[in-house]
Amino acid sequence: MTRKNRIILISTLSTMAIILLLAIAGILIYLNTYYHADREAVDAFLEQSQVETVEIDSGIVAFVPRMANAGFIFYPGGKVEAEAYYPLMAECAKNGVLSVIVEMPFNLAVFNINGADGIKEEFPEVENWYVGGHSLGGSMAATYLDNHREDYEGLILLGSYSTIDFRDSDIRALSIYGENDRVMNREKYDECKANLSTLSEHEIVGGNHAGFGMYGRQDGDGIALITSEEQIKKAASIIIEFVE
């Protein structure tokens, strides 16, 4: 190899190394950038709810009612800290639904679709179980349910949709979304409704996409005309009626 060719090779390898390092840095920045829970608002809500919490495993927290009539395993929305949904879990539990939230690696449910595995077995006294989630979490919960259809009564979607076709099953489905949700792809949502023949739809007037959790405003979302606390309580009421 000539000296000129060696210089070209070294220059090419150096450029490729720089591009690779920049790509890795970009991925790490993306994965570690997320919506943080409003800890003050979450703590205030939980203090009022006074619901017992049990950490089943690292990042898996159960909100346990005095007497459970159903169980609900919840996958958080994409890039949203799991703690932001503690109020929703607590509100459901306060009204008899044992609610379990699964924290996701890098706050993305795509990295732990099978996160619900083993949770039902921790509460054998609960017979009827549902799985679901918010936004990306809801879609990943639907993917999980596809492989566990006999184990669950239904699917609960918040600002989300299922790309999985459940028309050949008796899976019950609930969809709740905010009137001013500007994050969820409405065109895709309408297209995917056909996958859920038993779908029960509920629009929360004045609500938006981020209002199901307590993590502040989400980029691109519509303006909420009600508080997150109000939207959470409305959503929990709909969920409770659905599972009962």
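Conventions adopted
Residues numbered from 1 in each chain as written. Predicted model: local features only at pLDDT ≥ 70, side-chain atom pairs only at ≥ 80, totals over all residues. Heavy atoms only, no water. Phe/Tyr/Trp six-rings, centres within 6.5 Å; stacked < 30°, edge-to-face > 60°. Helix = DSSP H or I, 4+ residues; strand = E, 2+ residues; numbered from the N terminus. Buried < 20%, exposed > 50% of the residue type's maximum accessible area, 1.4 Å probe, protein only. Lys NZ or Arg CZ within 6 Å of the ring centre and 35° of its normal. Core = buried A, V, L, I, M, F, W, Y, C linked by side-chain atoms within 4.5 Å. Contact = heavy atoms within 4.5 Å. Pairing = 2+ DSSP bridges. Axes fitted to C-alpha atoms, helices over the stretch in contact; angles between N-to-C directions.

1. Let's talk about the packing of aromatic side chains
Part 1: Tallied over the full model, the rule gives 10 aromatic pairs.
Part 2: With a centroid separation of 5.6 Å and 50° between ring planes, the pair formed by Y35 and Y215 is classed as tilted. Taken together, the positions of Y35 in the loop between helix 1 (3-31) and helix 2 (39-49) and Y215 in the loop between strand 8 (199-204) and helix 6 (228-243) put the pair 180 residues apart, joining distant regions of the chain. The burial state of Y35 is the same as that of Y215; both residues are buried.
Part 3: Measuring from centroid to centroid gives 5.9 Å for F72 and F74, while their planes differ by 85°, and the two rings are edge-to-face. The two residues F72 and F74 agree in class, both being buried.
Part 4: Three or more aromatic residues link up through ring pairs in this structure, and these residues are Y35, F72, F74, Y85 and Y215.
Part 5: Over the ring of Y152 we find K120; its NZ or CZ atom is 5.2 Å from the centre of that ring.

2. What about the nonpolar core?
Part 1: Within the largest apolar cluster, 41 residues are counted, with the highest numbers of intra-cluster contacts made by F63, L88, I101, I156, I176 and I239.
Part 2: Those elements that provide at least two residues to this core are helix 2, strand 2 (60-64), strand 3 (70-75), helix 3 (86-94), strand 4 (97-102), strand 6 (154-158), strand 7 (172-178) and helix 6.
Part 3: Tallying contributions element by element places helix 6 first for this core, with 8 residues.
Part 4: The residues touching I101, leaving out its near neighbours within four places in the chain, are G59, I60, V61, F63, F74, P76, A82, Y85, Y86 and M89.

3. Some points on the sheet that holds strand 7
Part 1: Taken in spatial order, the 8 strands of this open sheet run 1-2-4-3-5-6-7-8, and their pairing is mixed. Strands with a single pairing partner mark the edges of an open sheet, and in this sheet they are strand 1 (52-57) and strand 8. Taking the axes of each pair of neighbouring strands and ignoring which way they run, one obtains an average angle of 20° across the sheet.
Part 2: Note: strand 5 (residues 129-134) against strand 6, 5 bridges, orientation parallel. Within strand 6, the residue paired with H134 across the bridge is L158.
Part 3: In this fold helix 3 packs onto strand 2, strand 3, strand 4 and strand 6, with an angle of close to 160° to the strand it touches most, strand 4.
Part 4: Contacting strand 3, strand 5 and strand 6, helix 4 (residues 136-146) runs over the sheet at an angle of about 145° to strand 5.

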